[in-house]
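Results of the structural survey
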There are 2 protein chains.
Amino acid sequence: MPRRRQAVTIKHVAADAGVSLQTVSRVINNEPNVRPEMAERVRGSINRLGYVPLIAAQRMGGSKSRLILALNDRDRTIAGWQNREGTDWVDQMLLGGMLTCGRHGYRLILELVDTHSDHIERELLGAIGALRPDGVILTPPHSQDPVILDLLERHGISIARIGSLTPGPGFSLIMGDEDAARMATDHLIALGHRRIGLIAGATDYELSGWRVTGWRAALAEAGLADDLLAPGNFDYASGRAAANSLLAAADPPTAIIASSDQMAIATLEYARERGLRVPEDLSIISFDDTPVARFASPPLTAVVQPIAAVATLAVERIIAEQAQDDLPTEPVYVAADLAVRGSTAPPPRR
Amino acid sequence: MPRRRQAVTIKHVAADAGVSLQTVSRVINNEPNVRPEMAERVRGSINRLGYVPLIAAQRMGGSKSRLILALNDRDRTIAGWQNREGTDWVDQMLLGGMLTCGRHGYRLILELVDTHSDHIERELLGAIGALRPDGVILTPPHSQDPVILDLLERHGISIARIGSLTPGPGFSLIMGDEDAARMATDHLIALGHRRIGLIAGATDYELSGWRVTGWRAALAEAGLADDLLAPGNFDYASGRAAANSLLAAADPPTAIIASSDQMAIATLEYARERGLRVPEDLSIISFDDTPVARFASPPLTAVVQPIAAVATLAVERIIAEQAQDDLPTEPVYVAADLAVRGSTAPPPRR
DNA sequence: TTGAAAGCGCTAACAA
DNA sequence: TTGTTAGCGCTTTCAA
């Protein structure tokens, strides 16, 4: 078996087109200073020979690797896959990120790292060292982790931080959590609800706070009390505990907004056990809108996170940074949506 | 800004350990002909300096790329992501494939290619040329596509073919579709059913035929007729049409096995519309067991495909092939499982 | 068992 | 606008 090598290389193209390697390289990379007819000739040869640049070689020659890493929380991601609950965070990231990478000759590589471990630095260095990605997409809680941020910055890697506004390197992309919470609350107020509870997300996620803020603002505007706030950490058990505490209040809520689908499902089931009908006696709105929200009965009214759109923007921004330095530094904002379904209705009459 | 370069390279390690580059390379690749104490010294330096080999450079040097491609059908995958129906085929592949790759210093890269297009060859050549993967994991219907198989073989790339036994290059991994169908049918027979229908999958999937075979075999063994076979192509609409035709039979089924979750859901809903209760009047079993099967009401008894396990084996086999030539060539078989849930019960009494 | 040399395919820096 | 040169970090020869 012959040693495996690139069938057709930049040399073949150069020879075929009768130009130097460098000219071919310039054409491939859309660089200036190539006469149009020259470029055309080179492109002709590229197509005729079926030439495709080898990413590894491009990496070796120059600075760019044309690789972008999507960093996700290891345990959470694996648990989601194993439980097969249909949580599609990763899929939506791939949908936006992979396809966008593809359009630019980049590749997206998914990488899982332990969040709460002391060897996170070593893990990350392993991926960085082996791949040398041009950029990294960080999701919460990684996107606000100073160890990770610092490490990436020291390596000169572009950083896209989803769901974090903490000052630091890289640029932020947020999904309008505050407005989304406000929108959800307003929807309930418009239906006639006066007692609206919120189950918060884990406190180490910045977006948890934003949701509380939006909920508070909407209530304040309507002159309603914001005493119905219960802590949660996104998972089912915490949702159940929160529902319990909210519904045990002296003046209980007629509607509850949960900061995750799992907590919303927990609330739904707990309410049923207490003999409450949804939505007749209790309205429920969830955050995330993973498939489970749609499969519930009734289907849950939910805040739809534009994950794919945000991933697309993250990739585009990272790629743009490779060519240009002075890009706008303000956070990118993509509005969330509210999908109104069967779990919300006017409150019961007194 | 300085030109981005590998912070610590093999040279640094060699200098630190006082050996040649070559010796370090040998240690990294676990090659023979290195004295233990020498290897130990090198490993010490590697750890101390935090050295990680750059995959791109390893590729350039020759040898392996340490990259494995997971090829999926482009349209189908994107549609699944966009519809957010919770189909988690890709996730399960990642679960098995990515984690296994990680354990061996490999990376798994997901790649989507158009199935029914004439430029499939060009698309695939693009991915192959850019990445030069050591192996490719093929899923149906790619796994039986002669154009793809031939192309990969010509490039000397290891091929893992999931769900195909068609002769050709590469090695096969199958998920026991025949046995699974037999198991599902037996389950229904044990419950007392005598009229058991099957909605087949798309005919261009080999596994569709295997399922029919298994169903037939079980029926034959029990002395039952196998006239209740309806064609389908995995999607909702075809499931609905099939349910319609089966239930319109003179002697209609009391149980239906659908070759996909979507077709099972369609059957469930169609039966309801006809006033049939599930499982009291009609039992239903589905194939795949994506989350939708569990979220249905009643939750569907379903054949669970061991996708993650198969992906794991595919990766391991591809990696093994890189080092060794004479590996067993028989198809790898991973048994599917039957998750018994609320959609199956004894047939109604006459 | 070890090391020195050559080269993988490409790009950056420089010269023409 | 184009071409030449010198690497990038690693592995494969091959020689010691």
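These numbers come from a predicted model, not from an experiment. By convention here, each chain's residues receive numbers from 1 onward along its written sequence. Written order decides the labels, with chains lettered from A and ligands numbered from 1. Local features in this predicted model are restricted to residues of pLDDT 70 or higher, and side-chain atom pairs are both shown and tallied only at a pLDDT of 80 or more, whereas totals for entire chains, interfaces and linings draw on every residue. The side-chain numbers reported here are obtained from all heavy atoms of the structure, hydrogens and water having been left aside.

Moving on, we come to the overall build of chain A. Going along the chain from the N terminus, every DSSP run of H or I of four or more residues is numbered as a helix, and every run of E of two or more is numbered as a strand. Along the backbone of chain A there are 14 helices and 12 strands. Principal-axis analysis of the C-alpha atoms gives chain A an extent of 85 × 45 × 40 Å. Burial classes: relative accessible area under 20% of the type maximum marks a residue as buried, over 50% as exposed, and values in between as partly exposed (1.4 Å probe, protein chains only). Per-residue burial for chain A yields a buried fraction of 57% across its 350 residues. Restricting the contact set of chain A to residue pairs at least 6 apart, pairs at least 24 apart contribute 71%. Only the protein chains shown count as cover for residues, and the accessible areas themselves come from Shrake-Rupley with a 1.4 Å probe. For chain A, the exposed area adds up to about 14700 Å²; of that, 52% sits on carbon and sulfur atoms. Two residue types count as positive, namely Lys and Arg, and two as negative, namely Asp and Glu; His and chain ends fall outside the count. The location of each charge is read from NZ of Lys, CZ of Arg, CG of Asp or CD of Glu. Across chain A, the mean location of the 35 positive side-chain charges is 8 Å away from that of the 42 negative side-chain charges. In what follows, a contact means two residues having at least one pair of non-hydrogen atoms within 4.5 Å.

Take a side-chain nitrogen of Lys or Arg and a carboxyl oxygen of Asp or Glu: if they are within 4 Å of each other, that pair is a salt bridge. Per the counting criterion, the structure on display carries 36 salt bridges over all chains. A salt bridge links A:Asp177 to A:Arg211, with the shortest nitrogen-to-oxygen separation between them at 2.8 Å. With a gap of 34 residues between them, A:Asp177 in helix 9 (residues 177-191) and A:Arg211 in helix 10 (residues 206-221) connect regions that are remote in the sequence. You'll find A:Asp177 and A:Arg211 in the same group, each marked buried. In this structure, B:Arg195 engages B:Asp251 in a salt bridge whose closest nitrogen and oxygen atoms are separated by 3.3 Å. Residue B:Arg195 is found in the loop between helix 9 (177-191) and strand 6 (196-199), and its partner B:Asp251 is found in the loop between helix 11 (236-247) and strand 8 (255-258); the two are separated by 56 residues along the sequence. Salt bridges sharing common partners tie together A:Glu121, A:Asp150 and A:Arg154.

The next subject is the interface of chain A and chain B. Reports often express the size of an interface as the amount of accessible area lost when the parts come together. Tallying the contact residues gives 56 residues for chain A and 56 residues for chain B. Accessible area that two parts lose when put together, with a 1.4 Å probe and added across both, is what the buried area reports. Summing the contributions of chain A and of chain B, the shared interface buries around 4700 Å²; its carbon and sulfur component is 57%. Among the salt bridges present, the one from B:Glu111 reaches A:Arg107, with a minimum N-O distance of 2.4 Å. Identification of polar contacts relies on pairs of N or O atoms within 3.5 Å, with a donor-acceptor requirement for protein atoms, meaning one able to donate a hydrogen and the other able to accept it, and with residues adjacent in sequence counted only if both atoms are side-chain atoms. Applying the counting criterion to the chain A and chain B interface returns 16 residue pairs in polar contact (both at pLDDT 80 or more). Elements with a contribution of two residues or more to the side of chain A that touches chain B: helix 4 (55-61), helix 5 (74-83), helix 6 (89-103), strand 2 (107-113), helix 7 (120-131) and helix 13 (291-295) of chain A. Residues were grouped as follows: Ala, Val, Leu, Ile, Met, Phe, Trp, Tyr, Cys and Pro as nonpolar; Asp, Glu, Lys and Arg as charged; and all remaining residues, including Gly, as polar. When its residues are assigned to classes, the side of chain A that touches chain B shows 26 nonpolar, 14 polar and 16 charged.

Turning to the protein's contact with DNA strand D, a few remarks are in order. When at least one non-hydrogen atom of a residue lies within 4 Å of a molecule or strand, that residue is treated as near it. In the vicinity of DNA strand D, 27 residues are found, and the nearest of them are A:Thr23, A:Met60, B:Ile10, B:Gln22 and B:Tyr51. When the atoms of DNA strand D within 4 Å of the protein are grouped by moiety, sugar and phosphate amount to 65% of the total. At 3.2 Å, a backbone N or O of A:Gly61 approaches a base oxygen of DNA strand D. In this structure, a base nitrogen belonging to DNA strand D sits 3.3 Å away from a main-chain N or O atom of B:Gly61. Contributing elements (two or more residues each) for the surface near DNA strand D: helix 2 (21-28) and helix 4 of chain A together with helix 2 (21-28) and helix 4 (55-61) of chain B. The element that contributes the greatest number of residues to the surface near DNA strand D is helix 4 of chain B, accounting for four residues. Looking at the surface near DNA strand D residue by residue, the class counts come to 10 nonpolar, 13 polar and four charged.

Let's shift gears to the protein's contact with DNA strand C. As a structural note, the neighbourhood of DNA strand C is formed by 27 residues, with A:Ile10, A:Gln22, A:Tyr51, B:Asn33 and B:Met60 the closest of them. Here, DNA strand C places atoms within 4 Å of the protein, and 65% of those atoms are sugar or phosphate. B:Arg35 places a polar main-chain atom, nitrogen or oxygen, 2.8 Å from a phosphate oxygen of DNA strand C. For the surface near DNA strand C, the leading source of residues is helix 4 of chain A, giving four residues. Class assignment for the residues of the surface near DNA strand C results in 10 nonpolar, 14 polar and three charged.

What follows deals with the sheet that holds strand 4 (residues 158-162) of chain A. All names here are of chain A. Strand pairing is defined by DSSP finding a minimum of two bridges between the two strands. Pairing is parallel across the open sheet formed by six strands, whose spatial order is 2-1-3-4-5-11. In this open sheet, the two edge strands, each paired with only one partner strand, are strand 2 and strand 11 (332-333). For strand 5 (residues 171-174) and strand 11, the ladder comprises two bridges, and the chain directions are parallel. Note that in strand 11 the partner of Leu173 across the bridge is Val332.

Here we take up the sheet that holds strand 7 (residues 229-230) of chain B. All names here are of chain B. Read from one edge to the other, the open sheet built from six strands follows the order 7-6-8-9-10-12, with strand pairing classed as mixed. Two strands in the sheet have a free side with no partner beyond their single neighbour: strand 7 and strand 12 (337-339). Bridge count for strand 8 against strand 9 (residues 283-288) is four bridges, and the pairing is parallel. Across the sheet, Ile256 pairs through a bridge with Ile284, a residue of strand 9. Axes, fitted as lines to C-alpha atoms, cover a helix only where it is in contact. Angles between the N-to-C directions of the axes lie from 0 to 180 degrees. Packed onto the sheet, helix 9 meets strand 6, strand 8, strand 9, strand 10 (301-304) and strand 12 and runs at close to 165° relative to strand 9. In the packing of helix 12 (residues 261-273) onto the sheet, the strands contacted are strand 6, strand 8 and strand 9, and the crossing angle to strand 9 comes to about 160°.

As a further point, take the domain arrangement of chain A. Where each domain starts and ends comes from a domain assignment, either automatic or drawn from a database. Taken domain by domain, chain A consists of domain 1 (10-62), domain 2 (67-175 + 306-336) and domain 3 (177-304). Put simply, the middle of domain 1 of chain A and the middle of domain 3 of chain A, counted by C-alpha atoms, are 57 Å apart.

Turning next to the packing of helix 11 (residues 236-247) of chain A against helix 12 (residues 261-273) of chain A. Helix-helix packing is characterised by the crossing angle of the two axes and by the distance between the axes. All names here are of chain A. The contact between helix 11 and helix 12 brings their axes to 7 Å, and the two run at 50°. The angle between the axes of helix 11 and helix 12 places the two elements in the oblique class. For the pair helix 11 and helix 12, the sense of crossing is right-handed. Residues Tyr236, Ser238, Gly239, Arg240, Ala243, Asn244 and Leu247 of helix 11 lie in contact with helix 12, whose contacting residues are Gln262, Met263, Ile265, Ala266, Thr267, Glu269, Tyr270, Ala271 and Glu273. Residue composition of the contact of helix 11 with helix 12, grouped by class: eight nonpolar, five polar and three charged. These descriptions rest on fixed angle ranges, namely under 35 degrees for roughly parallel, over 145 for roughly antiparallel, 65 to 115 for roughly perpendicular, and the rest for oblique. Here a crossing is called left-handed whenever its near helix is offset anticlockwise from the far helix by less than a right angle, and right-handed whenever the offset is clockwise.

This next bit is on the UniProt feature "domain: HTH lacI-type" (unreviewed entry) in chain A. UniProt positions are given in the numbering used here, feature names are shortened, and annotations may be inferred rather than shown by experiment. Under the present numbering, the feature "domain: HTH lacI-type" (unreviewed entry) in UniProt falls on residues 8-62 of chain A. As annotated, residues 8-62 of chain A has a helix share of 67% and a strand share of 0%, and its two end C-alpha atoms lie 20 Å apart.

The next thing to look at is helix 10 of chain A. Side chains of residues three or four places apart in an α-helix project in the same direction, reflecting 3.6 residues per turn. Residue and element names in this part refer to chain A. With 16 residues, helix 10 extends 23 Å between its outermost C-alpha atoms, agreeing within 8% with the 22 Å of an ideal straight helix rising 1.5 Å per residue. Within helix 10, burial applies to Glu206, Leu207, Ser208, Trp210, Arg211, Val212, Gly214, Trp215, Ala218 and Leu219. Looking at the packing, one finds that the buried side of helix 10 touches strand 5, helix 9, strand 6 (196-199), strand 7 (229-230), strand 8 (255-258) and strand 9 (283-288). Looking one or two residues past helix 10, Gly223 carries a phi angle of roughly 70°, positive in sign. Expected span of a helix: the number of residues minus one, times 1.5 Å.

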